[in-house]
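Summary of structural features
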Amino acid sequence: MVNVIGLGYIGLPTALMLAANGVEVVGTDYNGNVVEELNHSRVTFQEDGLLELYRRAVEKGIRFTTEYRKADMYVISVPTPYDEFSKKVDASYVERAVESVLSVCPPEAVLIIESTISPGTIDRHVRPIVERADKKVHLVHAPERIIPGNMIYELEHNNRTIGCDDREVGERVRAVYASFCKSEITVTDIRTAEMTKVVENTYRDINIAFANELAKICRKDGLDVYEIIRIANKHPRVNILTPGPGVGGHCISVDPWFLVGDYPGLANIILAARKINDSMPEFVLERVYGICKERGVDISRVGFYGMTYKEDVDDIRQSPTLQLIHNMEKHLCGHMVKFYDPYVEKDITPNQYHSLDAFLEQVDLVVIMVGHTQIRENLEKLEGKLVLDTRKVADCPDWYTL
Ligand SMILES: NC(=O)c1ccc[n+]([C@@H]2O[C@H](COP(=O)([O-])OP(=O)(O)OC[C@H]3O[C@@H](n4cnc5c(N)ncnc54)[C@H](O)[C@@H]3O)[C@@H](O)[C@H]2O)c1
């Protein structure tokens, strides 16, 4: 039996996928609301194919509870934020989850940490807890790579990494993941698995930062960054990404900080990339002020379309729009502009609309912060508006870009 601890964006689909593929699973979350929702046939976030997967898992007998259960294997997928001051991983959620598991698990149980952690976290934060509990268990790190919006497909088709102390345990864990994963599963040691995961997200962050820096350089010189990238990418070994309004979410904007915190003085490109990407919401604001001045638009007639950190998901964590709202509070104009996102039902900020038409009626300058399918399919509704397209959702010569 597998007890999955933490039923959020990662833990829930993983638990459902295991159960739907014949593994006996109990899902545990200490948040009673999450468990109640799941026990009332409601999934807790929007994701393509999640509800169908939930139904398949329920048919196979998955259970949800707030209690930690006796099991052979535990999959721990709890948050790992970073400490804003030290920039190091905040492993306290993982520590607490491991303590709770150790209080119920049998000897020889396998504790798989799926949460993203910085290199050395298991040695520094988890092993001491296991030693204190004086229980023989096996530690494994199996980081997750799936992307919201395509999670179910990627769970089945992404390659995976399993870091373990003991090869035989690694093979047992590989067999469990192979119940649903159709791709390559690499077994390695724990520190390599920890580092690999953080390196992957850092690679993405640096590449995005390069595109964003080019956008700023080109803006200064009146050059079209998109055209330059399009042409440069015709080189057989060049693949520059698209600039955007910043980097959000729970992974790419967080994990590089782990390396900055742990390797000060060594993680230089990584730190610079983080700073560039974090500066993009402010860059968007500067563009907005410039356009308002040029076209005589009152700031109260500016509307930001999109609040999530990427298209077609409901996750707003660390999103560029939230960063921008935070920045605007400093300029004391945050309460004047308008916001809308088809995926965000809760009111996050004043002047937030819940209908695209009502939002558009109130604004003259639309700033596209997220390229949701909804806006791509309703471009005609933007006719007659000024548009700052930070995501390059369309090729409109009249629109402003980064
Ligand atoms: N969201 C992503 O796209 C993504 C992708 C890859 C990896 N990750 C990593 O996966 C981990 C989990 O992220 P997430 O997005 O699923 O987080 P999340 O906040 O969506 O979910 C975490 C869940 O864990 C529960 N929880 C926390 N501590 C607990 C405990 N001690 N016992 C029981 N339940 C507990 C919370 O109530 C919450 O429901 C993080 O380390 C993250 O970096 C996330």
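Owing to the predicted nature of the structure, the values given are computational and were not obtained by experimental measurement.

Digging into the pattern of salt bridges
In total, this model carries 22 salt bridges according to the counting rule given. A salt bridge links Arg167 to Glu171, with the nearest nitrogen and oxygen atoms 3.9 Å apart. Of this pair, Arg167 and Glu171 both sit in helix H7 (residues 167–177), separated by four residues, roughly a single helical turn. The exposure class of Glu171 is partly exposed, given its relative accessible area of 31%. A salt bridge links Lys381 to Asp357; its shortest N-O distance comes to 2.9 Å. With Lys381 in the loop between helix H14 (373–376) and strand S13 (386–389) and Asp357 in helix H13 (residues 356–361), this residue pair connects regions lying 24 residues apart in the sequence. Judged by relative accessible area, Lys381 falls into the partly exposed class, the value being 32%. Connected through shared salt-bridge partners, Asp123, Arg127, Asp165 and Arg191 make up one network.

Considerations on the pairing of strand S8 (residues 185–188)
Burial of S8 is one-sided: the residues Ile185 and Val187 facing one way are buried, the residues Thr186 and Thr188 facing the other way are not. Bridge count for strand S7 (residues 160–164) against S8 is four bridges, and the pairing is parallel. Each residue of the ladder has a partner; that of Arg160, found in S8, is Ile185. Running through H7, the crossover from S7 to the neighbouring parallel element S8 is right-handed.

Examining the site of the ligand
Around the ligand, a shell composed of 25 residues is seen, among which Ile10, Asp29, Tyr68, Thr80 and Arg317 lie nearest. Within the contact set of the ligand, a nitrogen atom lies 3.3 Å away from a backbone nitrogen or oxygen of Tyr30. In isolation the ligand exposes 830 Å². Once the protein is present, 92% of that is buried. Looking at which domains feed residues into the shell around the ligand, each of domain 1 (2–188) and domain 2 (199–401) gives three or more.

A word on the nonpolar core
Judged by nonpolar contacts, the single largest core of 41 residues is most densely connected at Leu16, Phe64, Ile112, Val173 and Tyr177. For this core, the element with the highest residue contribution is helix H1 (residues 11–20), accounting for seven residues. By size, the runner-up hydrophobic cluster in this structure holds 34 residues, among which are Val297, Val302, Met307 and Leu386.

Let's talk about unusual backbone geometry
In this model, Gln318 sits at a positive phi of 55°, which is unusual for a non-glycine residue. If you trace the backbone, Gln318 turns up in the loop between strand S9 (302–305) and helix H12 (320–331). Residue Gln318 is classed as partly exposed on the basis of its relative accessible area, which comes to 37%.

Some remarks on the domain arrangement of the chain
You can read the domains of the chain as domain 1 (2–188) and domain 2 (199–401). For domain 1 versus domain 2, the separation of C-alpha centres amounts to 32 Å. The interface of domain 1 with domain 2 comprises 20 residues on the first partner and 19 residues on the second. Both sides together, the interface formed by domain 1 and domain 2 hides about 1600 Å², and carbon and sulfur atoms give 55% of it. Inspection of the domain 1/domain 2 interface yields three salt bridges.

Points about the sheet that holds strand S2 (residues 25–28)
Strand order in the open sheet formed by eight strands is S3-S2-S1-S4-S5-S6-S7-S8, with mixed pairing between adjacent strands. Single-partner strands in this sheet number two, and they are strand S3 (63–65) and S8. Neighbour-to-neighbour, the strand axes of this sheet turn through a mean angle of 20°, independent of strand direction. In terms of strand pairing, strand S6 (residues 138–141) meets S7 through two bridges, oriented antiparallel. Each bridged residue has a counterpart across the sheet, and for His141 the counterpart in S7 is Gly163. The sheet strands contacting H1 are strand S1 (2–5), S2 and S3, and the helix crosses S1 at an angle near 165°. Contacts from helix H4 (residues 92–102) reach S1, strand S4 (73–76) and strand S5 (110–113), with the element oriented near 165° to S5.

Focus on the packing of helix H8 (residues 190–221) against helix H11 (residues 268–295)
Put simply, H8 and H11 touch, their axes get as near as 8 Å, and they point 45° apart. As the angle between them shows, H8 and H11 are arranged oblique. Of the two possible hands of crossing, H8 and H11 adopt the one that is left-handed. For the pair H8 and H11, the contacting residues are Thr202, Asp205, Ile206, Ile208, Ala209, Asn212, Glu213, Lys216 and Arg219 in the first and Ile269, Ile270, Ala273, Arg274, Ile276, Asn277, Ser279, Met280, Phe283 and Arg287 in the second. Here the residues of the contact of H8 with H11 are counted per class, giving nine nonpolar, four polar and six charged.

Definitions and cut-offs
Residues numbered from 1 in each chain as written. Predicted model: local features only at pLDDT ≥ 70, side-chain atom pairs only at ≥ 80, totals over all residues. Heavy atoms only, no water. Salt bridge = Lys/Arg side-chain N within 4 Å of Asp/Glu carboxyl O. Helix = DSSP H or I, 4+ residues; strand = E, 2+ residues; numbered from the N terminus. Buried < 20%, exposed > 50% of the residue type's maximum accessible area, 1.4 Å probe, protein only. Pairing = 2+ DSSP bridges. Right-handed = clockwise from strand over helix to strand, strands pointing away. Near = heavy atom within 4 Å. Polar contact = N/O pair within 3.5 Å; in protein donor to acceptor, adjacent residues only side chain to side chain. Areas by Shrake-Rupley, 256 points an atom, 1.4 Å probe, with all protein chains shown as cover. Domains from an automatic or database assignment. Core = buried A, V, L, I, M, F, W, Y, C linked by side-chain atoms within 4.5 Å. Contact = heavy atoms within 4.5 Å. Buried area = accessible area lost by both parts, 1.4 Å probe. Axes fitted to C-alpha atoms, helices over the stretch in contact; angles between N-to-C directions. Parallel < 35°, antiparallel > 145°, perpendicular 65-115°, else oblique. Left-handed = near helix turned anticlockwise from the far one by under 90°. Nonpolar A, V, L, I, M, F, W, Y, C, P; charged D, E, K, R; others polar.

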